[in-house]
Amino acid sequence: QVQLVESGGGLVQAGGSLRLSCAASGRTFSSYTIGWFRQAPGKEREFVAAITWSGGRTYYTDSVKGRFTISRDNAKNTVYLQMNSLKPEDTAIYYCAADSRIITTLRYDYWGQGTQVTVSV
């Protein structure tokens, strides 16, 4: 069982940066793939980035490649999403999720409550 809590969201101007954190509880956190997803108003939830348990592999959706970086610190049970060069279309609720598989779909077992990111023009 893994519990996830996101933080770090907020309001930022276009071109700015934010770092999201996903803090996890559970003894087996280090064995899970952690993914970040987002859902904009009126749109479906979509995959943003994922990182394997060791941190050795990362995955990104095309629209964030070169701007977002996912990383993890297993000693702190935390995964980060560094978001640079933010655009208004990045505005969404961002969720982190955990799963024992390496996947980039929505079929993650555990989800956080989300944190709002708003990018103004």
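Caption draft 1: Region of the structure containing the pattern of salt bridges. Evaluation of the coordinates by the stated rule reveals 5 salt bridges. Notably, a salt bridge pairs Arg38 with Glu46, separated by 2.7 Å at the nearest N-O pair. Residue Arg38 is classed as buried on the basis of its relative accessible area of 5%. On the basis of relative accessibility, which here comes to 35%, the residue Glu46 falls in the partly exposed class. Here Arg38 and Asp90 are joined by a salt bridge, their closest N and O atoms 2.9 Å apart. Remark: Asp90 occurs in the loop between β8 (78–83) and β9 (92–99) and Arg38 occurs in strand β4 (residues 33–39); sequence separation between them is 52 residues.

Caption draft 2: Structural detail: the packing of aromatic side chains. A full pass over the atoms with the stated rule returns 6 aromatic pairs. Taking 6.5 Å as the distance between ring centres and 75° as the angle between the ring planes, the aromatic pair formed by Tyr95 and Trp111 counts as edge-to-face. On the criterion of sequence distance, the pair formed by Tyr95 in strand β9 and Trp111 in strand β10 (residues 110–111) is long-range, its members being 16 residues apart. The exposure class assigned to Tyr95 is buried, which follows from its relative accessible area of 10%. Relative to Trp111, the ring of Tyr108 has its centre 6.3 Å away and its plane inclined at 65°; by these criteria the two rings are edge-to-face. Overall, Tyr108 belongs to the buried group, its relative accessible area being 5%.

Caption draft 3: Representation of the pairing of β4 within the structure. Of all the 7 residues making up β4, 6 are buried; the element is thus mostly covered by neighbouring parts of the structure. With antiparallel pairing between neighbouring strands as the criterion, β4 and strand β5 (residues 46–51) make up a hairpin whose turn holds 6 residues, including Gly42 at a positive phi of roughly 75°.

Caption draft 4: Just the sheet that holds strand β7 (residues 68–73), in detail. Pairing is antiparallel in the open sheet, where 4 strands are placed in the order β1-β3-β8-β7. Where the open sheet ends on each side, the last strands, each with one partner, are β1 (3–7) and β7. Adjacent strand axes in the sheet meet at a mean angle of 15° when their direction is disregarded.

Parameters and conventions
- Residues numbered from 1 in each chain as written.
- Predicted model: local features only at pLDDT ≥ 70, side-chain atom pairs only at ≥ 80, totals over all residues.
- Heavy atoms only, no water.
- Salt bridge = Lys/Arg side-chain N within 4 Å of Asp/Glu carboxyl O.
- Buried < 20%, exposed > 50% of the residue type's maximum accessible area, 1.4 Å probe, protein only.
- Helix = DSSP H or I, 4+ residues; strand = E, 2+ residues; numbered from the N terminus.
- Phe/Tyr/Trp six-rings, centres within 6.5 Å; stacked < 30°, edge-to-face > 60°.
- Pairing = 2+ DSSP bridges.
- Axes fitted to C-alpha atoms, helices over the stretch in contact; angles between N-to-C directions.

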